[in-house]
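# Observations on chain architecture
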Amino acid sequence: MTLTEKRLTILEENNKQQDKRLAENKSILDNHDQQMKVLIQMTEQIKNLSEKIEKIDNKLEEVK
């Protein structure tokens, strides 16, 4: 009986540790998702800025 209780306690502790690790991994993935969203937005902004610079450059070439 004591051996069974000891094994059960060990299994419960392992379960708690796995739950904790799962929560940490979820947090890491959520942060990664947020970072990817920001990166995508920044990429779009850079793309738009590049297009605007290209237009300005073309207009400057016309003026010359």
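Residues numbered from 1 in each chain as written. Predicted model: local features only at pLDDT ≥ 70, side-chain atom pairs only at ≥ 80, totals over all residues. Heavy atoms only, no water.

## Quick notes on the environment of Asn-58
The criterion, for reference: What counts as a helix is a DSSP run of H or I of at least four residues, what counts as a strand is a run of E of at least two, and both are numbered from the N terminus.
Looking at the secondary structure, you find Asn-58 in helix α1 (residues 2–63). Separated by 24 residues in sequence, Asn-58 and Gln-34 place their C-alpha atoms 36 Å apart.

## Re a negative patch on the surface
Heads up, the rule is: Patch members must show over 30% relative accessible area and no salt bridge, and they are joined within 9 Å when carrying like charges or within 5 Å when they are nonpolar side chains of Val, Leu, Ile, Met, Phe, Trp or Tyr. Residue exposure ignores everything except the shown protein chains as possible cover, and the areas themselves are Shrake-Rupley values with a 1.4 Å probe. The salt bridge definition used is simple: a Lys or Arg side-chain nitrogen within 4 Å of an Asp or Glu carboxyl oxygen. Positive residues here are Lys and Arg, negative ones are Asp and Glu, while His and the chain termini are left out of the count. Every charge is mapped to an atom, namely NZ of Lys, CZ of Arg, CG of Asp or CD of Glu. Exposure classes here rest on a 1.4 Å probe applied to the protein chains alone. A residue is buried below 20% of its type maximum, exposed above 50%, and partly exposed in between.
Negative charge collects at one region of the surface, where Glu-44, Glu-51, Glu-54, Asp-57 and Glu-61 lie side by side. Checked against the element boundaries, Glu-51 lands in helix α1. Residue classification places Glu-51 among the partly exposed residues on the basis of a relative accessible area of 42%.

## Considering the environment of Ile-46
By secondary structure assignment, the location of Ile-46 is in helix α1. Separated by 15 residues in the primary sequence, Ile-46 and Glu-61 place their C-alpha atoms 22 Å from one another.

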